[in-house]
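Close look at the chain arrangement
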Amino acid sequence: MPVMHSPVRISNTNDVKCYCGKSCKGTRGLKMHQRSCRVIHGLNDELLTDLEQQSTENSTTNTSTHSTFEEIDVMENIASDQNFPVLKKGVKLPKSDAEWSTADSYFKFELRLNAPIRIEDLSSSITLMNDVVYNYFADNFGYVEKMPDKELVNKYKDQTVKALKKCLKQLKLSNADPHEIKYVARTLRDKLRNACQINTTQNQNKTFNHDNYISRNFWGYVKNVLNKNTCLLPCFTMSECLNYFKKTLCSINPNKLFCIPSWIPKLSDPIVNFDLQPPTYRQVTNIIRRMKASGSPCPLDQLSIICFKRCPFLRTYLTEVIRSVWSSKSVPAEWKKACSILIHKKGNTSDPSNFRPITPETIQLKVFTSCLRNAMFSFLTANNFIEHQIQKGFTPNLSGTLEHTAQMTNIINQARIKQRSVVITLLDLKNAFGEVHHNLIQSVLDYHHIPKDVSEIIKSLYTDFNTAFITSEFSTPFITVGRGVLQGDCLSPLIFNMCINTFIQHIKTDKYRQFGFITNLLNPVHWFQFADDAAVISGQDSENQHLLNRFSIWCQWSNMIVRVDKCSTFGIRKSLTKSIQYLPKLLINNELIPATKIGESFRCLGKYFDFSMSEKEHKQELITLMDDIMSEIDLKPLHPRINFCFIVVTSYPNFPGISL
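Parameters at a glance
Residue numbers run consecutively from 1 along every chain, following the written order of its sequence. In keeping with the predicted nature of the model, local features appear solely for residues at pLDDT of at least 70, side-chain atom pairs appear and are counted solely at 80 or more, and the whole-chain, interface and lining totals rest on all residues. To get the side-chain values, all heavy atoms of the structure are used, and hydrogens and water are removed first. By definition, any uninterrupted DSSP run of H or I lasting at least four residues is a helix, any uninterrupted run of E lasting at least two residues is a strand, and each is numbered from the N terminus. In this description, contact between two residues means that some pair of their heavy atoms is separated by no more than 4.5 Å. Exposure was quantified through the Shrake-Rupley algorithm and a 1.4 Å probe, taking into account, for residues, occlusion by the shown protein chains and nothing else. For every residue, the accessible area (1.4 Å probe, protein chains only) is compared with the maximum for its type, and the residue is labelled buried under 20%, exposed over 50%, or partly exposed between those bounds. Within the patch definition used here, like charges are joined within 9 Å and nonpolar side chains (Val, Leu, Ile, Met, Phe, Trp, Tyr) within 5 Å, considering only residues with over 30% relative accessible area and no salt bridge. For this document, the term salt bridge refers to a Lys or Arg side-chain nitrogen within 4 Å of an Asp or Glu carboxyl oxygen. Here the positive residues are Lys and Arg and the negative ones are Asp and Glu; neither His nor the chain ends is included. By convention, the charge on Lys lies at NZ, on Arg at CZ, on Asp at CG and on Glu at CD. N or O atoms closer than or at 3.5 Å make up a polar contact, with two conditions inside protein: a donor-capable atom paired with an acceptor-capable one, and, for residues adjacent in sequence, both atoms drawn from side chains. Under this scheme, a helix contributes an axis fitted over its contacting stretch, all axes are lines through C-alpha atoms, and angles between N-to-C directions fall in the 0 to 180 degree range. Crossings are assigned a handedness: left-handed for a near helix turned anticlockwise from the far helix by less than a right angle, right-handed for a clockwise turn. Only strands joined by at least two bridges in the DSSP assignment are considered to pair. Working definition of a nonpolar core: buried Ala, Val, Leu, Ile, Met, Phe, Trp, Tyr and Cys residues. They are joined through side-chain atoms within 4.5 Å. Between 65 and 115 degrees an angle is taken as roughly perpendicular, under 35 as roughly parallel, over 145 as roughly antiparallel, and anywhere else as oblique. Amino acid classes used here: Ala, Val, Leu, Ile, Met, Phe, Trp, Tyr, Cys and Pro are nonpolar; Asp, Glu, Lys and Arg are charged; the rest, including Gly, are polar. Between rings of Phe, Tyr and Trp, where Trp is taken as its six-membered ring, a pair exists when centres lie within 6.5 Å; planes separated by under 30 degrees are stacked, by over 60 edge-to-face, and by other angles tilted. Expected helix span is taken as 1.5 Å per residue step, with the number of steps being one fewer than the number of residues. The predictor attaches a confidence to each residue, called pLDDT, with possible values from 0 through 100.

1. A word on the overall build of the chain
- Of the regular secondary structure elements, the chain holds 24 helices and 17 strands.
- Taking the intrachain contacts of the chain between residues at least 6 apart in sequence as the baseline, contacts between residues at least 24 apart amount to 73%.
- With the model as given, the accessible surface of the chain reaches about 34,600 Å², and the carbon-plus-sulfur share is 53%.

Spelled out as structure tokens, the structure:
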């Protein structure tokens, strides 16, 4: 294979070298030459060869994929006796250091650790730790009060203070349900203190002293009075939820093998070996300390990360459990059960596809996968196996969003001001994290020279992993995760990046980089990647189309699906003596990519881009936000001085550029 060079400037001249080796005069000369370059045209023949090879491989697996769907439909009809999750109630935790010290001493006495935990005792040790910790806090500090039932809310929501007092008296005399008595008492107390939900009607504003509330608890006023709850709950039934996520998580063609194709360059042998030693107490402690104390516990065990932060012996016991799991190369079944909650994205709440499932796993599994992630990331970065110039998602100590958006802004400004052509295409993958085939994970691990011992642990983690979906109305039976990486798992982002890295290693070679937009430093920029968000950048339509074709072939190999209706393309070119926006005509999977209309903008990584770079959409969003804040404040009968201070304090976080 010939040595590949980027377009570089020849010393003391303005010449630029093409990939074929020919010297061209400047960037324009390079583009003129590439139109007739035989080496460039040879890439089209290479593309056709790779496309035929991938099409042949896909055709051999179509029949087995069809049979898998039929088996899924049959299983859905047969499965009548389901395994529902047993959700535990939340427990209260100690508040003083003395109480935490007493709890740690109790755990040290109950969880006696005289020797390393044997592999055959692993399951019993995990169950014992969960039961001892949960029962201690439940017996000594009680349970967290659960949310009131809808029947209670509907029964007492319109009651006046006088009616609530009468109901509370009758409930106490009749020895009613303590939970109902507590709810009525709390509702009555909230109404008396005016700390409940406050309507903005004129009558209630006369009886409620807003100024006193603000002076007593400013942020409490903001939370209880001003802030609106934008969280939308699912409106579909349990059967609809179960059917949708069964199809989403089912294994498609489970016997398919993902052999690394010849057009993906092989990685060199590692220089730094993988550290296969089990995690130490210090490593486990550092991971636990970095975890957020506000993280939600798994509903199956209700063990908070705070317990491990405040009890040193629990960290010691967990370290021994993790070391035993590491040595056994198998994840225990107690850790392979979780519950997923649904976060609304946008659209109709009666459609399950408009919700993103987040899976809070057990704390023990989170710490274990974090140890595994740290060891893998250190190995990959030490051997330079992960590309960080193109892929900037999920990378520690790297502001990838800022770097990508700043660079794209510079590219559009250069093309617009210097009258150069640029074509930008945004790509969107359908359910990117959920479409990762589990056999693809094993091939990707081998491609990155991950040791077999670690690959076996990851394979064990994704074998027979079950999750149940819980809402305020229902909880589904456990569903086996047949494909995809879970959002909420500490190891999932790195595994997904490694899958994408196979394509990035392919297109980062100089024969594809030369298709990119060349900046002043003659460093072609042709691809932006942030997790599953991709942007293709080139100087001409044909170059952009070639990169899109390469991505299409990779998607066929990796079983990824491109949502063409969610993609978009944007173009700038020279017309006479000025630059104009135009509508590029690009295809992916033989479908036309929607083009950004003339004068409109596209959004990439949260920032709007248009031809004039006016940022009018950002300005309009801020104006709308301020109008909402002002309108909400104006409805409150506040003193003018407090009103002014309130506007300044609430506006400042949204306008960091202003000075107080």
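Additional details are given in the paragraphs that follow.
2. With respect to the side chain of His448
- Its place among the elements puts His448 in the loop between helix H18 (438-447) and helix H19 (452-461).
- The exposure class assigned to His448 is buried, which follows from its relative accessible area of 0%.
- With near-sequence residues (within four places) excluded, His448 lies in contact with Leu267, Phe379, Leu380, Phe385, Ile386, Met498, Asn501 and Thr502.

3. A few points about a positive patch on the surface
- There is a patch of like positive charges on the surface, built from Lys345, Lys346, Arg356 and Lys566.
- When you line up the elements, Lys345 lands in the loop between strand S3 (337-344) and strand S4 (355-358).

4. Considerations on the side chain of Gln391
- Along the chain, the position of Gln391 falls in the loop between helix H16 (363-382) and helix H17 (400-417).
- At a separation of 3.2 Å, a polar atom in the side chain of Gln391 contacts the side chain of Asn497.
- At 2.9 Å, the side chain of Gln391 forms a polar contact with the backbone nitrogen of Ala531.
- With residues up to four places along the chain from it excluded, the contact list for Gln391 reads Asn497, Ile500, Ile504, Gln529, Phe530 and Ala531.

5. With respect to the packing of H16 against H19
- Closest axis-to-axis distance for the H16/H19 pair is 12 Å, and the angle between their directions is 145°. Read as a crossing pair, H16 and H19 show a hand that is left-handed. Across the interface between the two elements, Leu365, Phe368, Thr369, Leu372 and Met376 from H16 touch Val454, Ile457, Ile458 and Leu461 from H19.

6. Some remarks on the sheet that holds strand S13 (residues 578-582)
- Pairing is antiparallel in the open sheet, where five strands are placed in the order S10-S11-S5-S12-S13. Where the open sheet ends on each side, the last strands, each with one partner, are strand S10 (527-530) and S13. Across the sheet, the mean angle separating the axes of adjacent strands is 15° when strand polarity is ignored.

7. Here we look at the nonpolar core
- With 114 residues, the main nonpolar core has Phe107, Val367, Met376, Ile458, Trp527, Phe551 and Trp554 as its most contacted residues.
- No other element matches H16, which puts ten residues into this core.
- Residues contacting Phe107, with those up to four places away along its chain left out, are Val132, Val133, Tyr136, Phe137, Cys311, Phe313 and Leu314.
- Of all hydrophobic cores here, the second largest spans 18 residues; its members include Val422, Ile424, Ile572 and Cys604.

8. Side note on the environment of Lys616
- Tracing the chain through its elements places Lys616 in helix H23 (residues 616-634).
- With 15 residues separating them along the chain, Lys616 and Ser601 place their C-alpha atoms 9.5 Å apart.
- What Lys616 contacts, discounting residues up to four positions off in sequence, is Gly599 and Asp610.

9. Let's talk about the packing of helix H15 (residues 312-328) against H16
- Contact pair H15 / H16: the axes reach a minimum separation of 10 Å and the direction vectors enclose 60°. Between H15 and H16, the interaxial angle falls into the category oblique. Every pair of crossing elements has a handedness; the one defined by H15 and H16 is right-handed. Contact with H15, carried on its side by Leu318, Ile322, Val325 and Trp326, involves Gln364, Val367, Phe368, Cys371, Leu372 and Ala375 of H16 and no other residues of that element.
- For the contact of H15 with H16, the per-class residue count stands at nine nonpolar, one polar and no charged.

10. Observations regarding the pairing of S10
- With four bridges joining them, S10 and strand S11 (residues 533-538) adopt antiparallel strand pairing. Paired with Phe530 across the two strands is Asp533, which belongs to S11.
- In sequence, S10 turns back onto S11 through a hairpin of two residues, with Ala531 there showing a positive phi of about 60°.

11. Some points on the packing of aromatic side chains
- Applying the stated criterion across every chain, the model contains 28 aromatic pairs.
- Residues Phe258 and Trp557 carry aromatic rings whose centres are separated by 6.2 Å and whose planes lie at 85° to one another, so their mutual orientation is edge-to-face. Residue Phe258 is located in the loop between helix H12 (238-249) and helix H13 (281-290), and its partner Trp557 is located in helix H22 (residues 541-558); the two are separated by 299 residues in the primary sequence. Both residues of the pair, Phe258 and Trp557, count as buried.

12. A word on helix H7 (residues 161-173)
- Under the 1.5 Å per step criterion, the end-to-end length of H7 is 19 Å for 13 residues, consistent within 8% with the ideal 18 Å.
- Once H7 finishes, Asn175 follows within two positions and takes phi at roughly 55°, a positive value.

13. What about the pattern of salt bridges?
- Across all of its chains, the model carries twelve salt bridges by this definition.
- Across the salt bridge formed by Lys508 and Glu387, the nearest N and O atoms sit 3.7 Å from each other. One end of the pair, Lys508, is in the loop between helix H20 (492-507) and helix H21 (510-513); the other, Glu387, is in the loop between H16 and H17, and 121 residues separate them in sequence.
- Judged by relative accessible area, Lys508 falls into the partly exposed class, the value being 29%.

14. A look at the confidence of the model for the chain
- Confidence in the prediction for the chain averages 83 pLDDT; 81% of positions are at 70 or higher.
- With pLDDT under 50 throughout, residues 1-13 is counted as low confidence; its partners more than four residues away or in other chains account for 26 contacts.

15. Some remarks on the sheet that holds strand S7 (residues 479-480)
- Read across the open sheet, the four strands follow the order S4-S3-S6-S7; overall the sheet is mixed. The strands lining the two open edges of the sheet, one partner per strand, are S4 and S7.

16. Remarks on the environment of Asn643
- Residue placement: Asn643 occurs in helix H24 (residues 640-651).
- In this structure the C-alpha to C-alpha distance between Asn643 and Ile633, which are ten residues apart in sequence, comes to 7.4 Å.
- Dropping the residues within four chain positions of it, Asn643 is found in contact with Ile633, Asp634 and Leu638.

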